[in-house]
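# Architecture at a glance
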Amino acid sequence: AQKITQTQPGMFVQEKEAVTLDCTYDTSDPSYGLFWYKQPSSGEMIFLIYQGSYDQQNATEGRYSLNFQKARKSANLVISASQLGDSAMYFCAMREEKAAGNKLTFGGGTRVLVKP
Amino acid sequence: SAVISQKPSRDICQRGTSLTIQCQVDSQVTMMFWYRQQPGQSLTLIATANQGSEATYESGFVIDKFPISRPNLTFSTLTVSNLSPEDSSIYLCSVKPNHIGYTFGSGTRLTVV
């Protein structure tokens, strides 16, 4: 079974509007971390936001916020006030505490295109 | 947060040859991770490189094809051997410098012709 699922392969969003990127995960480990990364066409991976499984509040970083619904095992990324520079691939990833080696498992990604 | 210098940024290689990718980190880290990203796909972990021991490979990846060196706590290389067009991908190294974040190198875009 997929550990990280991103159901939206691609999305268009109007500049200055908000967009929500879906991410669901599957784990039996009570301790885990969830990450979102942005990958522009240049290929680099840019860390956006982190949510720990025991965190009581949803994470926020500037225009990025994470809608963490633990019971539903979802960790959706919300980008507010979209900018043209937000056009990129976005990956959700998970680290399970009990997994050997602290490795990250990535979802399939969502391509976002911001329209002017 | 750690800074990673990854080289080369891109290369075009003939099939049957090998390419060695280097990652230099500006601080000491225990683990370094190597990922492959095939065209239009997500990142797949190739192996985890620990200093002083052999790398741990994920299912589907073998040492003969992807030999890794980790001579010290700031440096690692990944070699992609006996190249075929199917090896055309972006290869990325990554480290976990603190309890939260993972930092990635800028990636190596490999094209095999």
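Details of the structure are given in the entry above.
Residues numbered from 1 in each chain as written. Chains lettered and ligands numbered in written order. Predicted model: local features only at pLDDT ≥ 70, side-chain atom pairs only at ≥ 80, totals over all residues. Heavy atoms only, no water.

Turning to the overall build of chain B, a few remarks are in order. A count of helical and extended segments in chain B gives zero helices and eleven strands. Secondary structure of chain B in N-to-C order comes out as β-β-β-β-β-β-β-β-β-β-β. Against the globule reference of 13 Å for 113 residues, chain B gives a C-alpha radius of gyration of 13 Å, in line with a compact fold. Residues counted as buried form 50% of the 113 residues belonging to chain B. Partitioning the intrachain contacts of chain B with sequence separation of at least 6 by distance along the chain shows that 51% fall at a separation of at least 24. Side-chain charges in chain B split into 8 positive and 7 negative, and the spacing between the mean points of these groups amounts to 7 Å. (Helix = DSSP H or I, 4+ residues; strand = E, 2+ residues; numbered from the N terminus. Rg over C-alpha atoms; globule rule 2.2 N^0.38 Å. Buried < 20%, exposed > 50% of the residue type's maximum accessible area, 1.4 Å probe, protein only. Contact = heavy atoms within 4.5 Å. Lys, Arg positive; Asp, Glu negative; His and termini not counted. Charge placed at Lys NZ, Arg CZ, Asp CG, Glu CD.)

Residues and elements named next belong to chain B. Pairing in this open sheet of four strands is antiparallel, and the strands run β1-β3-β8-β7 from one edge to the other. Bordering the open sheet on either side are β1 (4-7) and β7 (68-72), each of which pairs with just one other strand. On average, each strand axis in the sheet is inclined to that of its neighbour by 15°, with strand direction left out of account. With six bridges connecting them, strand β3 (residues 19-25) and strand β8 (residues 75-80) associate as antiparallel partners. Paired with I21 across the bridge in β8 is L78. (Pairing = 2+ DSSP bridges. Axes fitted to C-alpha atoms, helices over the stretch in contact; angles between N-to-C directions.)

Frequently, the measure chosen for interface size is the accessible area that the parts lose on association. Every contact between the two is made by 19 residues of chain A and, on the other side, 18 residues of chain B. Roughly 1,500 Å² of surface becomes buried between chain A and chain B when both sides are summed, with 58% attributable to carbon and sulfur atoms. Broken down residue by residue, the surface that chain A buries against chain B is led by A:M45, A:K103 and A:F106, which jointly contribute 29%. Scanning the region where chain A abuts chain B turns up one salt bridge. Between B:E58 and A:K103 there is a salt bridge, with its nearest N and O atoms 2.8 Å apart. Counting every contact that joins chain A to chain B gives six residue pairs in polar contact (both at pLDDT 80 or more). Going through the elements one at a time, β5 (32-39), β6 (46-52) and β10 (88-96) of chain A are the ones with two or more residues in the side of chain A that touches chain B. (Buried area = accessible area lost by both parts, 1.4 Å probe. Salt bridge = Lys/Arg side-chain N within 4 Å of Asp/Glu carboxyl O. Polar contact = N/O pair within 3.5 Å; in protein donor to acceptor, adjacent residues only side chain to side chain.)

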